[in-house]
Amino acid sequence: MHPEVEETIRLLQQAEDREGLDPFGFRPEMVGRVLPFTQWLYRHWFRVDVSGMEHIPAGRVLLIANHSGQLPYDGAMIATAMLLELRPPRMTRTMVEKWVATLPWISTFFARCGQAIGTPANARRLLKQGEAILVFPEGSRGISKPFEERYQLQEFGLGFMRLALETGTPIIPVGLVGAEEQLPSLMNIEFLARLLKTPAVPLTPTLIIPLPVKYRIYFGEPMYFEGDFDDEDRIVREKVDRVTGAIEALLQRGLRERSGIFR
Amino acid sequence: MAIRKKRQETIVVTGISSRTGRMLARAFHQEFQFIGIDARGARHMPKDVTVHAIDIRRKKAEDIFRRNAIDAVVHLNPEAEFSGSQTEHRNLTVLGTQRILDFCQRYHVPKVVLLSSGNIYGPAPWNNQFLTEESALMAGQRFPTMRNLVEVDMYAQSFFWRHPEIDTVILRPCNVVGRLKNHASLYLMLHNTPTLMGFDPMIQVMSPEDLIHAIRLALKPGVRGVFNLAGASPAPLSEIIRRLGHRNWPVPEPMARMAIAMASGVGMTRVPTAELDYLKYVCMVDDSRAREELRYQPLTTLDQTLTPLRG
């Protein structure tokens, strides 16, 4: 095992003294099995550049990120950054689509890695445990969008903002540049998507192996919101738009800073 | 002034000959005066417990209410210890509950504790990890035997609202396992436990002792409402099988469905294929209300709960 991975796992065990079984089915020992692979992807395949991690507060926090790239390598890389770059390392609990629960093996694997079905009650419970929660408010609209719409943020759901208002949780906007080009979708095979009951089945040149694009992850400054979580959509939407704006700014910065999709 | 011994409260227990009923009678027969009703008659019962071997739907059952001053009724629904037709199951559960609640109202019984089930929420991919008492009871949509239990629960709920003068308590425990004949216990007692390949949902189990303990807490004056009950700690199904020392035997879902359909075709099993979803998706209860209002706390650990299932 890579010394960096070993060190991280040791520090994680020290920092998170979890007693008994996690109610969502997370197995801390899964980190030991998955991290060697994601660490390799992180360091050598995507050569991730990360900035702004100092903004992440201790205790419960909502990481709100843009979603892209057909397969959720973006989520895996954000979680890996939280483990490799933060000291002490932190586990990320990602909120996933409901249909993930219907997939054999994948549903179990995701749960063991600490992910949970993205319902408000689940998120509330995890926040109460003081966890860092990763949410992609674009959902499948974001990850499955065609290549020509890259870096165009899709409509954000409002759920994460209501949650932040209700629980008084700080929001960290996260902009991730690079994933859009990892698996360019030539077309969406709609009949297959219907057959498999998935949101989309993209036709990509390399199937599931991502291109070795360079990832840039920007963690923005924490945003604090106040107000009634049960307010009209219109009012909550205004607050969500401020988060969208912050992520948009991080994406623009990333696009300016890069000199090509592989560099 | 002479100190008079406080009158023992009289409690009617339906389905007293079930394992749970017997355990309840044994645990508290010195504290309460139990009157049991069970068509199966009395078996291994403490001497001071009277048992009437009659069907609750019979006219004679009413006499018990007419002749005694009843302080409470504990209605233990025959969840799965049952080997009859669909119609009979329906009659026994739904009509039986209606009769009992009817008696309670007519003879001014101040308290009813009804045993429902946490499984009536139904497993689904979109379920919250922990379902509160307000969650919709979805199990009836696809599981015919569950439909009766949902109906019983709903009927009891409407009774709760219609009769504010009666303290109605509905208990919805998660899978109660032990030397019991319900589906969950029989399933976990299998040495080669079939599971669905690729699925490993979180499962809650609790011991019958904890259920008895919760029923005792529900009998306290003033307690009313719906309460979920859970055991010590939820665990992945595979972990429970591992701790039991049994062999996990993953079967591809289509094959499992076919096997069950064939087995039920020749009368080998009564498990409906739809119930496989309980091995696929979560259906766990949030018991925080019981912990706060009933002061309920599971006393058996996960391993202690599983001990009687080993073998």
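Residues numbered from 1 in each chain as written. Chains lettered and ligands numbered in written order. Predicted model: local features only at pLDDT ≥ 70, side-chain atom pairs only at ≥ 80, totals over all residues. Heavy atoms only, no water.

S.K.: Looking at this structure, I do not really get the overall build of chain A. What am I missing?
M.R.: Broken down by element type, chain A carries nine helices and nine strands. Whereas a compact globule of 263 residues would reach a radius of gyration of roughly 18 Å, chain A reaches 18 Å, a difference of no more than 12%. Taking the principal axes of its C-alpha atoms as reference, chain A extends roughly 50 × 45 × 40 Å. Counted over contacts in chain A with a minimum sequence separation of 6, partners at least 24 positions apart contribute 80%. Mean positive and mean negative side-chain charge positions of chain A (31 and 33 charges, respectively) differ by 3 Å. (Helix = DSSP H or I, 4+ residues; strand = E, 2+ residues; numbered from the N terminus. Rg over C-alpha atoms; globule rule 2.2 N^0.38 Å. Contact = heavy atoms within 4.5 Å. Lys, Arg positive; Asp, Glu negative; His and termini not counted. Charge placed at Lys NZ, Arg CZ, Asp CG, Glu CD.)

S.K.: Help me understand the environment of Phe 160 of chain B in this model?
M.R.: Structurally, Phe 160 of chain B is set in helix α4 (residues 144-162). A residue is classified by how much of its surface remains accessible, and Phe 160 of chain B, at 15% relative accessible area, is buried. (Buried < 20%, exposed > 50% of the residue type's maximum accessible area, 1.4 Å probe, protein only.)

S.K.: Help me understand the interface of chain A and chain B, please; the structure alone is not making it clear to me.
M.R.: Frequently, the measure chosen for interface size is the accessible area removed from exposure when the parts meet. If you look at the interface, chain A gives 20 residues, while chain B gives 21 residues. A combined buried area of about 1600 Å² lies between chain A and chain B, and 56% of that area is made up of carbon and sulfur atoms. Area buried by chain A at its contact with chain B is led by Leu 21, Pro 23 and Arg 125 of chain A, which between them contribute 29% of it. Summed over the shared surface of chain A and chain B, the result is three salt bridges. For Arg 27 of chain A, the salt bridge identified is with Glu 239 of chain B, shortest N-O distance 2.7 Å. Inspection of the chain A/chain B interface yields eight residue pairs in polar contact (both at pLDDT 80 or more). Secondary structure elements with two or more residues in the side of chain A that touches chain B: α4 (106-112) and α5 (120-128) of chain A. Considered class by class, the residues forming the side of chain A that touches chain B number nine nonpolar, six polar and five charged. (Buried area = accessible area lost by both parts, 1.4 Å probe. Salt bridge = Lys/Arg side-chain N within 4 Å of Asp/Glu carboxyl O. Polar contact = N/O pair within 3.5 Å; in protein donor to acceptor, adjacent residues only side chain to side chain. Nonpolar A, V, L, I, M, F, W, Y, C, P; charged D, E, K, R; others polar.)

S.K.: Whenever I open this one, the sheet that holds strand β3 (residues 50-52) of chain B confuses me. Can you help?
M.R.: Hydrogen bonds between backbone groups are what pair the strands of a sheet, and the pairing can be parallel or antiparallel. Residues and elements named next belong to chain B. On the basis of which strands lie adjacent, the open sheet formed by seven strands has the order β3-β2-β1-β4-β5-β6-β11 and parallel pairing. The outermost strands of the open sheet, each flanked by one partner alone, are β3 and β11 (225-229). This sheet shows a mean twist of 20° between the axes of neighbouring strands, independent of strand direction. Sheet topology note: the strand β6 (residues 167-173)/β11 ladder contains five bridges and is parallel. Each residue of the ladder has a partner; that of Pro 173, found in β11, is Leu 229. Those strands touched by helix α1 (residues 19-28) are β1 (9-14), β2 (32-37) and β4 (72-76), and its axis lies near 160° from that of β2. The sheet contacts of helix α2 (residues 60-67) involve β1, β2, β3 and β4, and relative to β2 the element is tilted by about 165°. (Pairing = 2+ DSSP bridges. Axes fitted to C-alpha atoms, helices over the stretch in contact; angles between N-to-C directions.)

S.K.: Just checking my understanding: could you explain the side chain of Thr 92 of chain A for this structure?
M.R.: Relative to the helices and strands, Thr 92 of chain A resides in strand β3 (residues 92-96). Apart from residues no more than four positions distant in its own chain, Thr 92 of chain A is found in contact with Leu 63, Ala 79, Met 82, Gly 114, Ala 132 and Leu 134 of chain A.

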